[in-house]
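Analysis of the macromolecular model
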Amino acid sequence: MSTPTQRADRLGDLLAKRDLHALLVTNLVNVRWLTGFTGSNGLALVYADRAHPQRLFLTDFRYLTQAAEQLDDGWRREIAVEILPAAAAALAGAGDDRTIRLGFDDASLSVKDHGTLAARLANNVELVAAGGLVERLRAVKDAGELDKIRAAAKLADAALTEVLGRGLVGRTERDVALDIEVTMRKAGAEAASFPPIVASGEHSALPHAVPRDVAIPAGTLVTIDWGAQLDGYASDCTRTYATGELDPRDREIYELVLRAQETSLAAVRAGAGGREVDAVAREIITAAGHGEHFGHGLGHGVGAEVHEGPRLSQRSDSTLATGQVVTVEPGVYVPGAVGVRIEDLAVVTDDGCEVLTGLPKQLQTIA
Ligand code: ZN
Ligand code: ZN
């Protein structure tokens, strides 16, 4: 397991490579990953130079005690009414008169906050857009993080098994979605990692369907996409179930998606390209004449956030690395007819992957 200090050291090394003197970390998920702080207002200032006196953490008065409990001694803690101007002030004395290149997260800092910061910074501090640096480090999980994601996936599996035991036919999609959420919470989840998707019949052709107040009929397919948030980490899984005797077309699409899922999952390993793994599933689906019905990427990273790097898609430039956690989730969506998606969550290893989602993938009937 890596300590917050080791994480900040690795970030410092990354800054040095980018010729940045410091990075202002404002995205709270990144702040938590770096410092351990779980409050709703805080920022971290990390320097490239390890010899620099101390990393700075700023929060407001409400989190005085919490920050003292959660942060280790590698961080100098300060309390301020407005933390962004306070960060600017902290930089004012840094580095005599040489230019300080201060990175900021251009993907999360608002235009307003950028303005506040720019107006307060000393003349020798140059703001440099540097989004995604913490995210790049976060993409590779340490053993402690993998344990948390494993536990979240296990909890989500157990919750869905319990919900399926109460049946699907005749219940509304909303009722099943709510049941999944409540069952996960009762089992100890902090939250669902996203609002569960329960989509039956024609509605399953919408990849991000919102559960309806419509009873699930017999003899159709139901796609369920759900995940748990546990101890700060997310899980993500999709299974598609039959609710009775199926139209042969639906069964055929199910078998196609399953073959694409299993084949592309088998292609996941360290060194494989995100585009290359996506192509494995896409070729199978395209060869069966459904290429245009698979309109999203094959998968995404999962960790502190349910959607993070790396991406597995036609536009991905990622190369998979050991310790990354990715989903493999091909789908076929025939508008107005039917949709099937099957998704697993897997840890990338040197020679393959470890699948964290354990529910069966052979087509099951749940009445
Ligand atoms: Zn999902
Ligand atoms: Zn997903």
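Criteria and thresholds
- Residues numbered from 1 in each chain as written.
- Chains lettered and ligands numbered in written order.
- Predicted model: local features only at pLDDT ≥ 70, side-chain atom pairs only at ≥ 80, totals over all residues.
- Heavy atoms only, no water.
- Donors = N, O, S within 2.8 Å, 3.2 Å for Na, K, Ca; no water.
- Helix = DSSP H or I, 4+ residues; strand = E, 2+ residues; numbered from the N terminus.
- Buried < 20%, exposed > 50% of the residue type's maximum accessible area, 1.4 Å probe, protein only.
- Phe/Tyr/Trp six-rings, centres within 6.5 Å; stacked < 30°, edge-to-face > 60°.
- Lys NZ or Arg CZ within 6 Å of the ring centre and 35° of its normal.
- Polar contact = N/O pair within 3.5 Å; in protein donor to acceptor, adjacent residues only side chain to side chain.
- Expected span 1.5 Å × (residues − 1).
- Contact = heavy atoms within 4.5 Å.
- Domains from an automatic or database assignment.
- Buried area = accessible area lost by both parts, 1.4 Å probe.
- Salt bridge = Lys/Arg side-chain N within 4 Å of Asp/Glu carboxyl O.
- Pairing = 2+ DSSP bridges.
- Tetrahedral: all angles 85-135°; square planar, octahedral: opposite > 155°, others 65-115°.
- Axes fitted to C-alpha atoms, helices over the stretch in contact; angles between N-to-C directions.

Distances from the zinc ion (ligand 2) to its protein donors, namely Asp236 (OD), His300 (NE2), Glu329 (OE) and Glu343 (OE), fall within the range 2.1 to 2.2 Å. As a motif over one chain, the donors of the zinc ion (ligand 2) read D-x63-H-x28-E-x13-E. A gap of 3.1 Å separates the zinc ion (ligand 2) and the zinc ion (ligand 1), which Asp236 links by coordinating each metal. In this pair, Glu329 sits in the loop between β15 (325-328) and β16 (331-334) while Glu343 sits in the loop between β17 (338-341) and β18 (344-349), placing the two residues 14 residues apart along the sequence. Using a relative accessible area of 9% as the deciding quantity, one classes Glu329 as buried.

Taken as a whole and assessed by the stated rule, the structure comprises two aromatic pairs. Ring centres of Phe37 and Tyr63 lie 5.3 Å apart, and the angle between their planes is 90°; this geometry places the pair in the edge-to-face category. Of the two residues, Phe37 sits in the loop between α2 (28-35) and β2 (42-47) while Tyr63 sits in the loop between β3 (55-59) and α3 (64-70), which places them 26 residues apart along the sequence. Put simply, the rings of Phe37, Phe57 and Tyr63 touch in pairs and so form one group of aromatic residues. Above the face of the Phe294 ring, Arg282 is positioned so that its terminal group lies 4.0 Å from the ring centre.

To continue, consider α2. Every buried residue of α2 is listed here: Asn30, Val31, Trp33, Leu34 and Thr35. Of the residues flanking the start of α2, the one acting as N-cap is Asn27, its side-chain oxygen 2.8 Å from the backbone nitrogen of Val29. Positive phi shows up at Gly36, right after α2, with a value of about 90°.

Moving on, we come to helix α10 (residues 274-287). The end-to-end C-alpha distance of α10 is 20 Å, a good match for the 20 Å that 14 residues give at a rise of 1.5 Å each. Along α10, the residues classified as buried are Gly274, Val277, Asp278, Ala281, Arg282, Ile284 and Ile285. Against α9 (248-265), β14 (308-312) and β16 lie the buried residues of α10. The first or second residue beyond α10 is Gly289, which carries a positive phi of 85°.

Here we take up the domain arrangement of the chain. By the assigned domains, the chain splits into domain 1 (4-138) and domain 2 (143-355). The junction of domain 1 with domain 2 conceals about 470 Å² of combined surface from both sides, 35% of it contributed by carbon and sulfur atoms. If you sort the residues of domain 1 by the area they bury against domain 2, Val29, Arg32 and Arg138 come out on top, with a joint share of 69%. Along the contact surface separating domain 1 from domain 2 lie three salt bridges. Residue Glu145 pairs with Arg7 through a salt bridge whose shortest N-O separation is 3.8 Å. Here domain 1 is connected to domain 2 by three residue pairs in polar contact (both at pLDDT 80 or more).

Turning our eyes to something else, we now look at the pairing of β18. The buried fraction of β18 is high, at five of six residues. Bridging between β15 and β18 involves four bridges; their strand directions are antiparallel. Looking across to β18, one finds that Val328 is bridged to Asp344. With four bridges joining them, β18 and strand β19 (residues 352-355) adopt antiparallel strand pairing. Note that in β19 the partner of Val348 across the bridge is Cys353. Counting the residues that bridge the hairpin from β18 to β19 gives two residues.

All right, on to the coordination of the zinc ion (ligand 1) then. Bound to the zinc ion (ligand 1) are the protein donor atoms Asp225 (OD), Asp225 (OD), Asp236 (OD) and Glu343 (OE), situated 2.0 to 2.6 Å from the metal. With four donor atoms in place around the zinc ion (ligand 1) and angles of 54 to 148° between them, the coordination shape is irregular. Coordination of the zinc ion (ligand 1) draws on donor residues from a single chain, spaced D-x10-D-x106-E in sequence.

A separate point is the sheet that holds strand β4 (residues 75-79). In spatial order, the strands read β4-β3-β2-β1-β5-β6; together these six strands make up an open sheet with mixed pairing. The sheet is open, and its two borders are formed by β4 and β6 (125-129), each paired with just one other strand. For this sheet, the mean inter-axis angle between neighbouring strands, taken without regard to orientation, is 25°. When β2 meets β3, the two strands line up antiparallel, connected through four bridges. Paired with Leu43 across the strands is Leu58, a residue of β3. Helix α1 (residues 4-17) rests against β1 (22-25), β2, β3 and β4 of the sheet, and its axis sits at about 60° to β2. Sitting on the sheet, helix α4 (residues 83-92) is in contact with β1, β2, β3, β5 (100-104) and β6, with an inclination near 20° to β2.

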